[in-house]
Amino acid sequence: MSGILYVVGTPIGNLNDFSPRAVETLASVDFIAAEDTRVTLKLLNHFDIKKEMVSYFEHNKRQRGEIICKRILDGENCAIVTDAGMPAISDPGEDLVALCYELGIEVQSVPGPTAFATALAISGMPTGRFTFEGFLSVNKKSRREHLEEVKDEKRTMIFYEAPHKLIYTLNDMRKVFGNRNIALVRELTKIHEQVLRFTFDEAIEYYSDKSPKGEYVIIIEGKKEDVSEDITLEGAVEMAKSLVEKGMSINNAAKETAAQTPFKKGDIYKALI
């Protein structure tokens, strides 16, 4: 009888976020497929789990995926983990999950923290609709094409970036998106967790004499609808009132109008109440 692949989320910083069910799962499976066995060993040692591990990462995923699936088909249970967060989200685990489905292997989730959702929740940026874009390519042409593809996106956009590439990425984004509002969320769940709310110009100036530290989630406001430059706050409030009359809450009406005008949600909200 075939075994099961368990997709297990791991802490993105604070080990106390590891769920009892996740601990139980790692302790019960026959082996663990890990992005970096050295990182996962620290997690296992912290929870006093002793288990066989096999490395599974971007550059060996095809060969190792076949080996892992053969073991599962032979009846062993496997847990796949990444260094931090949910496997298969901007992660080669995506390929293993897909291969398991192709081979008729059962896949079960043991959810844990996810950096992009956690960052969005504390960013103060619009959360009703968003798009996750992951990491930009290191190839200059590919990254430029990626940014050009989403420059007219009206939903909130979320990207990941490493500290040593942050300044370069912010400058590229500024050229394509213009001077939009952004939030930079770093060191999630760690001691130095921080949310920095800027425009692109302010962020670039801020890091002109500071070295970025920690992994970053970049959250960018979507493109606003083109509106008449001579629209007044009073006009924006009237727009919001119209939405309220149609049944929208004052809070959502203020948020919606702010996304379509140059005015802040708070100013529109105050005028409405």
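About the thresholds
Sequence order as written defines the numbering, with residues in each chain counted from 1. A pLDDT threshold of at least 70 governs which residues receive local features in this predicted model, and a stricter bar of 80 or more applies before side-chain atom pairs are shown or counted, although totals over entire chains, interfaces and linings include all residues. Side-chain descriptors were evaluated using all non-hydrogen atoms of the structure, hydrogens and water having been removed beforehand. In this scheme, strands are said to pair when DSSP sees at least two bridges between them. The way it works is that DSSP assigns letters per residue, a run of H or I at least four long becomes a helix, a run of E at least two long becomes a strand, and they are numbered from the N terminus. Whenever a helix is involved, its axis is fitted only over the stretch in contact; in every case the axis is a line through C-alpha atoms, and angles between N-to-C directions fall within 0 to 180 degrees. Residues count as neighbours in contact if any of their non-hydrogen atoms are within 4.5 Å of one another. To form a nonpolar core, buried Ala, Val, Leu, Ile, Met, Phe, Trp, Tyr and Cys residues must be joined to one another through side-chain atoms within 4.5 Å. Each residue is placed in one exposure class: buried if its accessible area under a 1.4 Å probe, protein chains only, is under 20% of its type's maximum, exposed if it is over 50%, and partly exposed if it falls in between. Think of it this way: a Phe, Tyr or Trp ring, Trp meaning its six-membered ring, pairs with another when their centres are within 6.5 Å, and the plane angle makes it stacked under 30 degrees, edge-to-face over 60, tilted otherwise. For the handedness criterion, the strands are oriented away from the viewer, and a crossover whose path from the first strand over the helix to the second runs clockwise is classed as right-handed. For patch detection, residues must exceed 30% relative accessible area and be free of salt bridges, and they are connected within 9 Å for like charges or within 5 Å for nonpolar side chains (Val, Leu, Ile, Met, Phe, Trp, Tyr). Every accessible area reported is derived by Shrake-Rupley at a probe size of 1.4 Å, with residue values counting cover from the shown protein chains alone. In the sections that follow, a salt bridge refers to a side-chain nitrogen of Lys or Arg positioned within 4 Å of a carboxyl oxygen of Asp or Glu. When the sulfur atoms of two cysteines come within 2.5 Å, that pair is taken as a disulfide. A helix's residues, less one, multiplied by 1.5 Å, set its expected span. Arc, as used here, means the arc of the directions from the helix axis to the C-beta atoms.

### Some remarks on the sheet that holds strand β4 (residues 78-81)
With respect to topology, five strands assemble into an open sheet ordered β3-β2-β4-β1-β5, the strand pairing being parallel. Of all the strands in the sheet, the pair left with one neighbour each is β3 (52-55) and β5 (106-110). Averaged over all pairs of adjacent strands, the angle between strand axes in this sheet comes to 25°, irrespective of strand direction. Where strand β2 (residues 31-34) lies against β3, four bridges are found, and the strand directions are parallel. Each residue of the ladder has a partner; that of Ile-32, found in β3, is Met-53. Against the sheet, helix α2 (residues 37-46) engages β2, β3 and β4, with an angle of about 155° to β3.

### Remarks on the nonpolar core
Ranked by internal contacts, the top residues of the largest apolar core, which has 20 residues, are Phe-159, Leu-170, Met-173, Phe-177, Ile-182, Leu-184 and Ile-220. Looking at this core, the elements with two or more residues in it are α6 (140-150), β7 (156-161), α7 (166-177), β8 (181-186), β9 (194-199), α8 (200-206) and β10 (216-220). For Leu-184, the contacting residues outside a window of four places in its chain are Leu-170, Gln-194, Val-195, Leu-196, Phe-198, Ala-203, Tyr-207, Tyr-216, Val-217 and Ile-218. With 17 residues, the next largest nonpolar core counts Val-7, Cys-78, Ile-80 and Met-86 among its residues.

### Some remarks on the packing of aromatic side chains
For any pair of aromatic rings, the description rests on two quantities: the centre-to-centre distance and the angle between the ring planes. Summed over all chains, the structure comprises nine aromatic pairs. Between Phe-116 and Phe-130, the ring centres sit 6.3 Å apart and the planes meet at 55°, which makes this aromatic pair tilted. Pair noted here: Phe-116 is in helix α5 (residues 115-123) and Phe-130 is in strand β6 (residues 130-135), with a separation of 14 residues, a long-range link. Taking the centre distance of 6.1 Å and the plane angle of 85° together, the rings of Tyr-207 and Tyr-216 count as edge-to-face. Each of the two residues, Tyr-207 as well as Tyr-216, counts as buried.

### As for the pairing of β6
Two elements, β6 and β7, share five bridges in a ladder whose sense is parallel. Counterpart to Phe-130 in the pairing with β7 is Thr-156. Crossover β6 to β7 through α6 is right-handed.

### A closer look at a nonpolar patch on the surface
Together, Ile-250, Tyr-269 and Ile-273 give the surface a local cluster of nonpolar side chains, amounting to about 270 Å² of exposed area. Given a relative accessible area of 66%, Ile-273 falls into the exposed group.

### Quick notes on the pairing of β8
Counting buried residues in β8 gives five out of six residues, a clear majority hidden from the surface. Examined bridge by bridge, β8 and β9 share six bridges and lie antiparallel to one another. Residue pairing for β9: Val-185 is matched across the bridge by Val-195.

### Concerning the state of the cysteines
Under the definition given, this model contains zero disulfides. Cysteine Cys-78 remains unbridged, with the sulfur of Cys-100 as its closest cysteine sulfur at 7.7 Å. Looking at Cys-78, the relative accessible area reads 0%, which means it is buried. Free cysteine Cys-100: the closest other cysteine sulfur is in Cys-69, separated by 3.9 Å.

### What about α7?
Taking 1.5 Å of rise per residue, the twelve residues of α7 would be expected to cover 16 Å, and the 16 Å separating its terminal C-alpha atoms lies within 8% of that figure. Every buried residue belonging to α7 is among Leu-166, Thr-169, Leu-170, Asp-172, Met-173, Val-176 and Phe-177, and all of these are buried. One side of α7 holds all its buried residues, which, seen down the axis, span an arc of 165°. Contacts made by the buried residues of α7 are with α6, β7, β8, α8 and β10. Positive backbone phi, at 85°, marks Gly-178, one or two positions downstream of α7.

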